[in-house]
Each structure stands twice: as C-alpha cells, then as structure tokens.
Amino acid sequence: QVFRLPDFLADLEAAPPMALRCHLFCLEPGQEVEGGQEAEKLLARAETIVLHRRGAARLVGQGGVFEEVSLPVDLVLCSNVTSDPFGPREEVEESLIKLLKLTLFEEDGSSDLDKTVEDSPGEEEEGAGLDTEFSHVLPMAPSRDFQWLPPCLPGSREFLARGTYVDDSGQIHLQLHSQRETVRVLRRLLNEKLLGSGPDCEPDSYRERQEVSVRWKDDCWYRGSFLAYCGMDDRDMFDKARVLLVDFGNVYVVNVATDLRSA
C-alpha cells in the first residue's frame with residue numbers, strides 16, 4: 001500500500017510525494033531503534049542508501065478499505081573509497097543493521113541476522129525466474145576489429161570530473177561527472193555477465209591491443225585492453241598479462257585464467 005506524504009514535504013506544483021511503510025526487519029513495526037542517534041550519523045555519512053526487502057509484508061492494522069502493511073527491510077549504506085590512489089574507486093556497501101548490531105542484539109551476538117533472505121521462501125521461489133537487469137543484452141559476435149570507443153575531450157572548457165590516473169607521459173585521465181551513471185551501468189552489466197564465469201578462450205590466444213574485460217582487486221569487472229603477456233618463463237609464459245583499464249588509465253597485471261575474459 002502506498003501512502004501520500006504531507007504536501008509541505010514537496011513542491012506543491014509537482015506530483016504529491018508518496019511512500020511505502022517499512023520497518024527494520026529485526027524489529028516489530030513501529031518499534032523504535034535503540035541507538036537512534038548513532039543510526040542517524042551512519043545514514044548521514046552514506047553517499048547512497050539502498051532499501052533491501054527482507055521478507056513478506058507484515059499486517060499492522062486496518063486503514064479504511066485497505067489493510068495497512070509494513071515491509072521488513074534493511075538499509076544498505078553505500079560509499080566510495082580508494083584503496084589505491086591510481087586505481088578505480090571501490091564501492092563499499094554496509095548493512096545498517098549489521099553496523100548497529102551491538103545495540104540491537106544481545107552481547108553474545110545471537111540473532112537471526114545471518115539467516116535472513118531477501119524474501120520469504122515461497123516468494124523467493126516465485127521470483128526465481130525473473131529477468132535480471134541486463135537479460136536483454138546478448139553477446140556480440142567475436143570480431144578482431146572491435147574497439148572500445150576512444151576517449152574524448154570534454155565539450156567545454158569548464159566541466160566537473162574526477163581524476164583517476166596520471167601516466168608516465170603526464171596525461172591526466174578523467175571521468176566526467178556527467179558520465180558517472182554510464183560508468184556504473186557498465187560495471188553492473190559486466191558484473192552480471194561475468195561474475196563467476198570461467199575462461200572463454202585459450203590462455204595463449206590474446207593479442208596485443210585486443211579489447212577485453214578485466215577483474216580488478218574489488219572483484220568487479222571493467223573494460224580493458226590487452227597489452228602483453230608477462231609470465232616469468234616458458235612454463236608459465238601465458239599465466240600473467242598486462243592490461244590497460246580503459247576507463248581509468250592505469251596498467252594492471254592480471255591472472256589470465258581468473259581475471260581476464262575476451263567477452
């Protein structure tokens with residue numbers, strides 16, 4: 001059931017604000033959170049907050065024609081950190097309930113927190129066949145001529161961007177602020193298609209400047225360009241390779257079998 005919020009919370013000329021009634025899944029609907037001030041600090045620190053459903057809706061009363069329900073949820077706090085100043089930023093996701101575990105649960109740590117699933121068993125089975133975000137994206141036919149789109153300069157002399165790398169020749173690699181969502185979509189697409197995948201070609205079949213997909217230290221997949229093999233001797237010549245991360249500008253050494261795909 002969707003509820004209408006008070007008009008003073010939004011521009012009255014726009015559509016009225018709407019909301020779904022939710023509660024933290026480890027609490028009863030309407031129960032206050034212990035350590036509420038700490039929770040507010042954690043929420044204010046996050047760059048993005050994602051709502052994750054954690055079970056079936058709970059009936060909390062009658063509201064006119066409709067039954068009032070509340071959805072059990074967890075709040076996932078997302079922030080970007082950089083463990084390597086010359087590498088891509090890593091997105092860190094933390095559960096609000098896990099962060100507040102010391103105040104929400106007994107000191108012995110006993111709780112059902114680690115036993116929860118996204119939905120109740122029945123709903124999970126019903127939704128098992130739902131399409132994933134990029135199920136409509138099909139693999140491209142292999143082509144030796146395929147190239148990622150080349151980098152280009154911003155369209156104006158003033159722009160917002162974040163620097164990702166300065167190479168040995170002094171070139172500054174940037175990602176435009178206006179393209180940030182494109183970078184995120186690319187990462188989600190590659191992760192959906194390649195997480196858990198196995199090698200898709202022979203280890204010795206990569207060629208110089210071949211466009212590839214690369215797994216970074218954060219276990220996410222990114223666009224890359226194959227540079228050269230860098231095995232130590234003839235026995236493991238094709239085990240390691242140097243690749244260029246085209247969205248960031250830095251060169252990275254990968255394990256060919258686990259961190260490199262021709263797709």
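Rules and cut-offs
Residues numbered from 1 in each chain as written. Predicted model: local features only at pLDDT ≥ 70, side-chain atom pairs only at ≥ 80, totals over all residues. Heavy atoms only, no water. Salt bridge = Lys/Arg side-chain N within 4 Å of Asp/Glu carboxyl O. Buried < 20%, exposed > 50% of the residue type's maximum accessible area, 1.4 Å probe, protein only. Helix = DSSP H or I, 4+ residues; strand = E, 2+ residues; numbered from the N terminus. Core = buried A, V, L, I, M, F, W, Y, C linked by side-chain atoms within 4.5 Å. Contact = heavy atoms within 4.5 Å. Pairing = 2+ DSSP bridges. Axes fitted to C-alpha atoms, helices over the stretch in contact; angles between N-to-C directions. Expected span 1.5 Å × (residues − 1). Patch = residues over 30% accessible without salt bridge, like charges linked within 9 Å, V, L, I, M, F, W, Y side chains within 5 Å. Areas by Shrake-Rupley, 256 points an atom, 1.4 Å probe, with all protein chains shown as cover.

1. As for the pattern of salt bridges
A full pass over the atoms with the stated rule returns 5 salt bridges. Here Glu 181 and Arg 188 are joined by a salt bridge, their closest N and O atoms 3.6 Å apart. For Arg 188, a relative accessible area of 34% translates into the label partly exposed.

2. Looking at unusual backbone geometry
Phi is mostly negative for residues that are not glycine, and the peptide bonds are mostly trans. One non-glycine residue with positive phi stands out, namely Arg 209, at about 70 degrees. For Arg 209, the location among the structural elements is in the loop between α5 (180-194) and β10 (211-215). Owing to a relative accessible area of 48%, Arg 209 belongs among the partly exposed residues under this scheme. If you check the backbone angles, Asp 219 has positive phi at about 70 degrees while not being a glycine. Residue placement: Asp 219 occurs in the loop between β10 and β11 (221-229). Asp 219 sits in the partly exposed class, given a relative accessible area of 46%.

3. What to know about the nonpolar core
Core analysis: the largest hydrophobic core is formed by 16 residues, its most contacted members being Val 214, Phe 226 and Leu 260. Going through the elements one at a time, β10, β11, β12 (240-245) and β13 (251-255) are the ones with two or more residues in this core. Contact partners of Leu 260, with chain neighbours within four places excluded, come to Tyr 206, Val 212, Ser 213, Val 214, Trp 221, Phe 226, Val 243, Val 254 and Asn 255. Ranked by size, the runner-up nonpolar core spans 7 residues in total, among them Ala 39, Leu 42, Leu 75 and Leu 77.

4. Looking at the sheet that holds β13
In space, the 5 strands of this open sheet follow the order β13-β12-β11-β10-β14, with antiparallel pairing throughout. Two strands in the sheet have a free side with no partner beyond their single neighbour: β13 and β14 (260-261). Across the sheet, α5 lies against β10, β11 and β14, angled at about 75 degrees from β11, the strand it touches most.

5. So, α5
Taking 1.5 Å of rise per residue, the 15 residues of α5 would be expected to cover 21 Å, and the 21 Å separating its terminal C-alpha atoms lies within 8% of that figure. Among the residues making up α5, those that are buried are Arg 187, Leu 189, Leu 190, Asn 191 and Leu 194. At the C-terminal side of α5, Gly 196 shows a positive phi close to 80 degrees.

6. Examining the side chain of Asn 191
Mapped onto the elements of the fold, Asn 191 is located in helix α5. A relative accessible area of 12% places Asn 191 in the buried class. Ignoring any residue separated from it by four or fewer positions in sequence, one finds Asn 191 in contact with Asp 219, Cys 220 and Trp 221.

7. Observations concerning the pairing of β13
The two faces of β13 differ: Tyr 252 and Val 254 on one face are buried, but Val 251, Val 253 and Asn 255 on the other face are not. Pairing geometry for β12 and β13, over 5 bridges, is antiparallel. Opposite Ala 241, over in β13, you have Val 254 as the bridge partner. Turn length for the β12-β13 hairpin, with the two strands adjacent in sequence and antiparallel, is 5 residues, and the turn residue Gly 249 shows positive phi of about 100 degrees.

8. Overview of the pairing of strand β9 (residues 172-176)
In the sheet, strand β8 (residues 161-166) pairs with β9 via 5 bridges, with the strands oriented antiparallel. Paired with Gly 163 across the bridge in β9 is Leu 174. Hairpin remark: β8 followed by β9, antiparallel, with 5 residues in the connecting loop; positive phi at Gly 170, about 90 degrees.

9. Points about a nonpolar patch on the surface
Side chains of Phe 159, Val 166, Ile 172 and Leu 174 sit close together on the surface and give an oily, nonpolar patch of about 380 Å² of accessible area. Position of Ile 172 among the secondary structure elements: in strand β9. You can call Ile 172 exposed: its relative accessible area is 60%.

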